[in-house]
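# Structural features, examined
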Amino acid sequence: MTEKNGLLTVENLKVKIGDKEILKGVDLKIGPGEVHAIMGPNGTGKSTLAYALAGKSSYEVTSGSVTMEGENVLEMSPDERARKGLFLAFQYPSEVPGVTVDNFLRVAYNTIKKEELSIWEFRNLLKEKMEFLKIDESFSGRYLNEGFSGGEKKRNEILQMAVLQPKLAVLDETDSGLDIDALQIVAKGVNELLPEDSSVLVITHYQRILRYIKPDFVHVMIEGRIVETGGGELAEKLEEKGYDWLKEKYGESGKDSD
Amino acid sequence: MSLPTTDIGTEEYKYGFSDDVKPEIIFDKGLSRKTVEDISNIKSEPGWMTDLRLKAYEIFLEKPMPEWGADLSEIDFDDIIYFVRASDKKMTDWDDVPAEIKETFEKLGIPESERKFLAGAEAQYDSESVYGALQGEWEKQGVIFVDTDTALREHEKLVKKYFGSVVPAADNKLAALNTAVWSGGSFLYIPKGVKVGLPLQAYFRINTQNMGQFERTMIIADEGSNVQYIEGCTAPTYTTNSLHSAVVEIICKKDSRVRYTTLQNWSGNVYNLVTKRAQAYENATMEWIDANLGSKVTMKYPSVYLMERGAKADVISIAFANTGQHQDVGSKVVHLAPYTTSKIISKSISKGKGRSTYRGLVKIHEGMEGCKSNVNCDALLLDEASATDTYPYIEIEDPTAAIEHEATVSKLSDEQIFYLQQRGIPEDEARNMIINGFIEPFTKLLPLEYAVEMNRLIELQMEGSVG
Ligand SMILES: Nc1ncnc2c1ncn2[C@@H]1O[C@H](COP(=O)(O)OP(=O)(O)OP(=O)(O)O)[C@@H](O)[C@H]1O
Ligand SMILES: [Mg+2]
């Protein structure tokens with residue numbers, strides 16, 4: 001390990017979608033085993049950051065750098081990034097008709113882990129994680145996300161995370177749409193099903209989930225920048241006071257800071 | 001058509017090789033009254049068959065080419081060889097099949113598959129069958145599974161009774177042509193109450209350039225019987241065109257069930273114009289499972305005539321149209337009795353400049369109460385230049401009918417590809433996974449070995465940068 005705090009390093013990342021600049025210079029450092037949270041108003045670029053990290057093609061990086069364990073992530077295809085250990089739990093997971101959860105996940109697992117688990121071996125592994133997450137057995141034979149309820153989709157994302165054991169899991173609003181019980185199960189999954197030194201980046205609007213997944217750092221994103229960083233107490237302050245005080249300081253009007 | 005063990009080549013159509021078998025008999029190109037008589041004479045057929053052929057030839061001359069579908073203007077009936085006999089004897093022991101022919105079939109995975117999981121197999125090479133076998137168990141129970149030429153010699157009564165009873169020569173120009181020059185094909189009879197547990201397979205191979213293959217297949221499922229028949233077809237890649245124009249007639253008697261599965265994978269120079277039709281009697285079920293890959297033009301609409309109360313038709317087809325190909329396929333179901341049901345599922349994939357057309361007809365006659373029909377067509381376009389069109393005709397004359405119809409056209413979505421890539425799956429594999437998912441309702445009906453083969457064939461279609 002060359003740098004201690006060097007799992008993911010994002011420096012001055014600027015991202016355009018079409019002609020519109022969405023990320024206007026994001027800096028973020030995540031060390032191994034750390035839990036980070038990003039909060040911020042709707043439309044400020046939180047998902048954009050997640051997609052850009054994962055390498056979605058319509059997201060054009062115009063400047064800045066992203067490295068994972070010292071390697072240049074921006075040069076990698078989305079699947080290479082995944083194989084490096086980057087996982088994104090989607091805010092809106094796609095439906096893939098005709099492709100069953102277990103088949104899909106087995107292919108993904110074998111590709112990422114460079115293993116050749118048989119159908120039976122994999123089934124056992126999957127079953128264990130499903131039991132932990134209280135997902136009904138029948139889901140493994142269903143088509144990926146097709147007809148899943150909002151909450152089921154989210155839980156299925158966490159199941160995939162638990163199976164694929166990433167080094168960095170980015171959870172984009174995994175908590176929205178979950179009932180209270182489901183939220184606790186999902187949080188427990190994040191806390192207990194990942195390896196010790198895996199890191200988590202939680203994107204959320206609610207302090208609620210952070211009661212279960214305790215963040216080491218909380219960042220606030222406003223208009224494409226991380227404008228404030230603190231500990232768990234920052235999330236509580238936001239819950240209480242909203243974003244206005246930050247918007248005033250860093251938003252449209254407050255563009256004075258460079 | 002299961003996994004071949006030999007690697008034949010890396011080009012996108014891997015069955016495109018030809019071999020130089022010296023045929024026993026090969027006709028000159030062209031079609032005349034004499035061609036028809038010669039075929040009949042070579043086979044020493046009974047007079048009634050010769051007459052039937054000649055009558056059909058007259059009908060062929062009178063009928064116009066179908067102009068409502070794909071472009072057939074390039075077909076030149078005088079530029080086709082109508083009969084090629086590759087081997088003068090049909091074998092029942094695989095070891096006796098001439099070496100080159102054997103090698104061809106072995107490259108295609110036959111009879112390897114037969115040994116593993118088939119109840120019987122037939123292999124046709126150009127105009128005639130070169131090999132046939134049926135497991136003793138089924139033979140003892142009275143199942144007949146032979147090529148249609150042999151059937152005409154050994155079971156003349158049965159053939160005479162049913163030949164042309166489902167697809168008469170006058171049905172269309174190509175059915176007339178087939179009736180005039182037919183050769184080979186499978187003849188399958190299942191006695192009352194016999195349920196054949198394993199599939200029976202026939203394999204059709206065109207080898208000669210400019211060849212016309214006109215097999216005639218008949219299946220008679222007697223009352224309460226049950227059978228699954230699978231056919232596979234391939235041909236070498238030539239610069240000139242070949243014609244495959246088969247007729248398939250099926251009779252499903254009371255309470256019987258027939259599943260007819262086709263996995264065709266023609267080379268890009270084959271015109272594939274096939275008439276397939278079944279009649280289903282009281283409470284019988286006819287299933288057409290039809291995969292259309294390759295060919296230059298395919299026009300094929302497996303149909304079912306629901307003759308008596310409670311009869312059921314299930315038709316599921318997929319078509320993959322690559323650049324230079326037009327898959328004009330679909331289905332026709334005619335409800336001629338009350339309380340009959342039909343279900344049609346059609347899935348098409350168009351790639352490059354490929355074009356796929358769904359053409360279907362569901363007809364429910366007046367007074368046929370309580371009929372149900374469900375039609376579902378989904379088209380998937382892989383490229384900007386790909387095309388698809390849908391002609392779902394529905395003619396309902398009875399007010400009690402319950403009809404559902406749904407059609408969708410979709411593009412391969414970037415969101416889905418990205419989602420799968422985010423789970424470590426490379427882009428090409430992600431595409432294949434989505435496409436195989438799209439046709440999953442079809443593949444899941446195939447025996448496992450064929451499902452695997454099907455997915456692999458699709459992957460081969462995806463690899464070739466045809467253009
Ligand atoms: N494909 C696109 N084309 C144009 N604009 C886009 C596109 N995708 C996102 N945007 C815009 O980028 C901005 C940031 O969107 P993003 O989804 O990153 O916000 P967010 O912070 O995740 O919001 P939320 O909290 O509502 O999920 C929004 O103004 C959005 O409209
Ligand atoms: Mg978002």
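### Points about the site of ligand 1
All names here are of chain A. In the neighbourhood of ligand 1, 14 residues make up the surrounding shell, with Gly 43, Lys 46, Ser 47, Thr 48 and His 205 lying closest. For ligand 1, an oxygen atom lies 3.3 Å from a polar atom in the side chain of Lys 20. In this structure, an oxygen atom belonging to ligand 1 sits 2.9 Å away from a side-chain N or O atom of Ser 47. Relative to its free-state accessible area of 640 Å², ligand 1 is covered by the protein chains to the extent of 63%. When residues in the shell around ligand 1 are grouped by element, the largest group, 3 residues, is from helix α1 (residues 46–54). Here the shell around ligand 1 is built from residues that sort into 3 nonpolar, 8 polar and 3 charged.

### Description of the interface of chain A and chain B
The partner chain B presents 19 residues to the 31 residues of chain A that form the contact. Of the roughly 2,000 Å² buried between chain A and chain B, counting both surfaces, carbon and sulfur atoms make up 62%. Linking chain A to chain B there are 2 salt bridges. Of the charged contacts, one joins Glu157(A) and Arg423(B) as a salt bridge, the two residues approaching to 2.6 Å between their closest N and O atoms.

### Brief notes about the environment of Leu361(B)
All names here are of chain B. Structurally, the position occupied by Leu 361 is in strand β21 (residues 355–364). On a C-alpha basis, the gap between Leu 361 and Val 375 in space is 9.7 Å, while along the polypeptide they are 14 residues apart. Apart from the residues within four sequence positions on either side, Leu 361 is in contact with Ser 331, Lys 332, Val 333, Tyr 393 and Glu 395.

### Things to note about the domain arrangement of chain B
Residues and elements named next belong to chain B. Entries for chain B in the domain assignment read domain 1 (99–115 + 127–415) and domain 2 (416–467). Averaged C-alpha coordinates put domain 1 and domain 2 at centres separated by 24 Å. The interface of domain 1 with domain 2 comprises 31 residues on the first partner and 23 residues on the second. Ranking the residues of domain 1 by area buried against domain 2 places Leu 263, Ile 318 and Leu 412 at the top, with a combined share of 20%.

### Describing helix α5 (residues 150–164) of chain A
In this model α5(A) runs 22 Å from its N-terminal to its C-terminal C-alpha over 15 residues, within 8% of the 21 Å that 1.5 Å per residue would give. Of the residues trailing α5(A), Gln165(A) is marked for its positive phi of about 50°.

### Section: the pattern of salt bridges
In total, this model carries 35 salt bridges over all chains according to the counting rule given. Here Arg355(B) ties to Asp389(B) by a salt bridge, and the two come within 3.3 Å at their closest N and O atoms. Of the two residues, Arg355(B) sits in strand β21 while Asp389(B) sits in strand β23 (residues 387–396), which places them 34 residues apart along the sequence. Overall, Arg355(B) belongs to the partly exposed group, its relative accessible area being 35%. Here Glu397(B) ties to Lys363(B) by a salt bridge, and the two come within 3.8 Å at their closest N and O atoms. Taken as a pair, Glu397(B) in the loop between β23 and β24 (402–411) and Lys363(B) in strand β21 lie far apart in primary sequence, 34 residues in all. Classification of Glu397(B) as partly exposed rests on a relative accessible area of 38%. One network of salt bridges, in which partners are shared, links Glu69(A), Glu71(A), Lys84(A) and Lys167(A).

Conventions we followed
- Residues numbered from 1 in each chain as written.
- Chains lettered and ligands numbered in written order.
- Predicted model: local features only at pLDDT ≥ 70, side-chain atom pairs only at ≥ 80, totals over all residues.
- Heavy atoms only, no water.
- Near = heavy atom within 4 Å.
- Polar contact = N/O pair within 3.5 Å; in protein donor to acceptor, adjacent residues only side chain to side chain.
- Areas by Shrake-Rupley, 256 points an atom, 1.4 Å probe, with all protein chains shown as cover.
- Helix = DSSP H or I, 4+ residues; strand = E, 2+ residues; numbered from the N terminus.
- Nonpolar A, V, L, I, M, F, W, Y, C, P; charged D, E, K, R; others polar.
- Contact = heavy atoms within 4.5 Å.
- Buried area = accessible area lost by both parts, 1.4 Å probe.
- Salt bridge = Lys/Arg side-chain N within 4 Å of Asp/Glu carboxyl O.
- Domains from an automatic or database assignment.
- Expected span 1.5 Å × (residues − 1).
- Buried < 20%, exposed > 50% of the residue type's maximum accessible area, 1.4 Å probe, protein only.

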